[in-house]
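Chain residues, written in single-letter form:
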Amino acid sequence: MKHRNDINRLDRKASHRRALHRSMVTALFRYERIRTTKAKAREIARTAERLITRARVDSVHNRRQAARSIPDKEILAKLFDEIAGRFRDRPGGYTRRLKLGQRYGDATEMVLLELVEQNPDSDASE
């Protein structure tokens, strides 16, 4: 039975899925918006929301927990210094998914996953 098993396996083995999560969450925090499939965006948004909530309280434990998902030290510092500061007063809902339509090759639903409050200094171009 699969009761209360709420993760989407994304047709990948566990190690491949973990690597996908790490790379996509890192890309989301680096560029502050990524273009991906709807299924991947749902899973990545869950991970990103948890990391931002954890980053709002800057402690050694929270940094180490976040470092498990973000291997890049530069992006980890950006998460705790810049991104968490922008969402300090927001109770949740740090990401949004904008529908882009279907992909040409296989008609998969594509979305733009982005952080709600954009950095005014960054150039968020595709």
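Residues numbered from 1 in each chain as written. Predicted model: local features only at pLDDT ≥ 70, side-chain atom pairs only at ≥ 80, totals over all residues. Heavy atoms only, no water.

What the chain contains, in helices and strands, is 4 helices and 3 strands. Its C-alpha radius of gyration of 15 Å places the chain within 12% of the 14 Å reference for a compact globule of 126 residues. Principal-axis analysis of the C-alpha atoms places the extent of the chain at approximately 40 × 40 × 25 Å. Restricting the contact set of the chain to residue pairs at least 6 apart, pairs at least 24 apart contribute 58%. Between the centroid of the 30 positive side chains of the chain and the centroid of its 18 negative side chains there is a distance of 9 Å. (Helix = DSSP H or I, 4+ residues; strand = E, 2+ residues; numbered from the N terminus. Rg over C-alpha atoms; globule rule 2.2 N^0.38 Å. Contact = heavy atoms within 4.5 Å. Lys, Arg positive; Asp, Glu negative; His and termini not counted. Charge placed at Lys NZ, Arg CZ, Asp CG, Glu CD.)

To continue, consider the confidence of the model for the chain. Of all residues in the chain, 94% attain a pLDDT of 70 or more, and the chain-wide mean is 91. Per-element confidence in the chain ranges from a low mean pLDDT of 94 for helix H1 (residues 14-31) to a high of 97 for strand S3 (residues 109-115). (pLDDT = per-residue confidence, 0-100.)

To continue, consider unusual backbone geometry. The phi dihedral of Arg4 falls on the positive side, at around 60 degrees, and the residue is not glycine. Mapped onto the secondary structure, Arg4 falls in the segment before H1. Overall, the relative accessible area of 84% leaves Arg4 in the exposed class. Notably, Ala107 is not glycine yet its phi reads approximately 60 degrees, a positive angle. Examined against the element boundaries, Ala107 turns out to sit in the loop between strand S2 (95-102) and S3. (Buried < 20%, exposed > 50% of the residue type's maximum accessible area, 1.4 Å probe, protein only.)

With antiparallel pairing, 3 strands are arranged side by side in an open sheet as S1-S3-S2. In this open sheet, the two edge strands, each paired with only one partner strand, are strand S1 (33-37) and S2. Each strand axis lies, on average, 25 degrees off the axis of its neighbour in the sheet, ignoring direction. Where S2 meets S3, 7 bridges bridge the pair, whose relative direction is antiparallel. (Pairing = 2+ DSSP bridges. Axes fitted to C-alpha atoms, helices over the stretch in contact; angles between N-to-C directions.)

The next point concerns the nonpolar core. Core analysis: the biggest nonpolar cluster contains 29 residues, and Phe29, Ile52, Ile70 and Leu79 have the highest contact counts within it. Per-element tally for this core: the top contributor is helix H2 (residues 38-55), with 7 residues. Each residue touching Ile52, except ones within four places of it in the same chain, is listed here: Phe29, Leu79, Ile83, Phe87, Tyr94 and Leu115. (Core = buried A, V, L, I, M, F, W, Y, C linked by side-chain atoms within 4.5 Å.)

In this section: a positive patch on the surface. A cluster of basic residues, Lys38, Arg42, Arg97 and Lys99, forms a positive patch on the protein surface. Counting only elements with at least two residues in the positive patch, the list comes to H2 and S2. Tracing the sequence through the fold places Lys38 in helix H2. (Patch = residues over 30% accessible without salt bridge, like charges linked within 9 Å, V, L, I, M, F, W, Y side chains within 5 Å. Areas by Shrake-Rupley, 256 points an atom, 1.4 Å probe, with all protein chains shown as cover. Salt bridge = Lys/Arg side-chain N within 4 Å of Asp/Glu carboxyl O.)

In helix packing, the relevant descriptors are the interaxial angle and the interaxial distance, both defined with respect to the helix axes. Their axes nearest at 10 Å, the elements helix H3 (residues 60-67) and helix H4 (residues 73-86) cross at an angle of 135 degrees. By the criterion of interaxial angle, the relationship of H3 to H4 is oblique. In this structure, H3 meets H4 at a crossing whose hand is right-handed. Contacts between H3 and H4 involve Asn62, Arg63, Ala66 and Ala67 from the former and Leu76, Ala77, Leu79, Phe80 and Asp81 from the latter. Grouping the constituent residues of the contact of H3 with H4 by class yields 6 nonpolar, 1 polar and 2 charged. (Parallel < 35°, antiparallel > 145°, perpendicular 65-115°, else oblique. Left-handed = near helix turned anticlockwise from the far one by under 90°. Nonpolar A, V, L, I, M, F, W, Y, C, P; charged D, E, K, R; others polar.)

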